[in-house]
Amino acid sequence: MANRRPPPVPTPERLEKAALRYLERYAASAEGVRRVLTRSVERAVRAGVAEREPALAAVDSVVARLLDRRLLDDRRFAEGRAASLARKGLPRVRIAQRLQMSGVGADDVAGALEELAESGIDDPAAAVLFARRKRLGPFADPSRRAALRERHLATMARAGFSLDLARRVVDAENPDEIET
């Protein structure tokens, strides 16, 4: 393996610059930024250029400063991410799981799901979007539809839709007849 330069010392200034560069490219929760910075610190610790505890304390202070300056806002992140996932046709259960995995707190997840409900995106609408995207049920090739019914149901179940809703979508002749 080639000789690599050791990672830079994770000073608070460098960590903040790294966090800002990350936020320029990606939407992230406070926990997501904390994870990115912690990975950077761990690389520096393994290389022997930093001590773990002071560097992790610097990560916490950087995240706190970004929250104070409102450059990080978990609620705004959760609402945007939930809307994006809903447009892809994911059910509310999967959206909540994804947000929790991103490190968003339960209150912000609930608020984002409430915002989705107010905008009219519910599980039946998401199921139709999902079926359209994956060419399931009424969006499938009519000549092979009956043969693929069980596969289509399984695909919708794996995505997190209830069996009842999956049956309504897959068995519909016309996507407009699905009750939302």
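Look up a bit, the structure's there.
Thresholds applied
- Residues numbered from 1 in each chain as written.
- Predicted model: local features only at pLDDT ≥ 70, side-chain atom pairs only at ≥ 80, totals over all residues.
- Heavy atoms only, no water.
- Helix = DSSP H or I, 4+ residues; strand = E, 2+ residues; numbered from the N terminus.
- Phe/Tyr/Trp six-rings, centres within 6.5 Å; stacked < 30°, edge-to-face > 60°.
- Buried < 20%, exposed > 50% of the residue type's maximum accessible area, 1.4 Å probe, protein only.
- Contact = heavy atoms within 4.5 Å.

Glancing now at unusual backbone geometry. The backbone of arginine 70 sits at a positive phi, close to 60 degrees, despite the residue not being glycine. Inspection of the secondary structure assignment puts arginine 70 in the loop between α3 (52-68) and α4 (74-87). In this model, arginine 135 sits at a positive phi of 55 degrees, which is unusual for a non-glycine residue.

Let us now look at the packing of aromatic side chains. Summed over all chains, the structure comprises 2 aromatic pairs. Taken together, a centroid distance of 5.7 Å and an interplanar angle of 50 degrees make the contact between phenylalanine 130 and phenylalanine 161 tilted. Taken together, the positions of phenylalanine 130 in helix α7 (residues 123-134) and phenylalanine 161 in the loop between α8 (149-159) and α9 (163-171) put the pair 31 residues apart, joining distant regions of the chain. What makes phenylalanine 130 buried here is its relative accessible area of 6%.

The residue glutamate 79 is located in helix α4 in this model. Residue glutamate 79 is classed as partly exposed on the basis of its relative accessible area, which comes to 26%. Sequence separation of glutamate 79 and alanine 131 is 52 residues, and the distance between their C-alpha atoms is 23 Å. With residues near it in sequence (within four places) discarded, glutamate 79 still touches Ala112 and Glu115.

Read these as layout, nothing more, since geometry by itself doesn't imply function.
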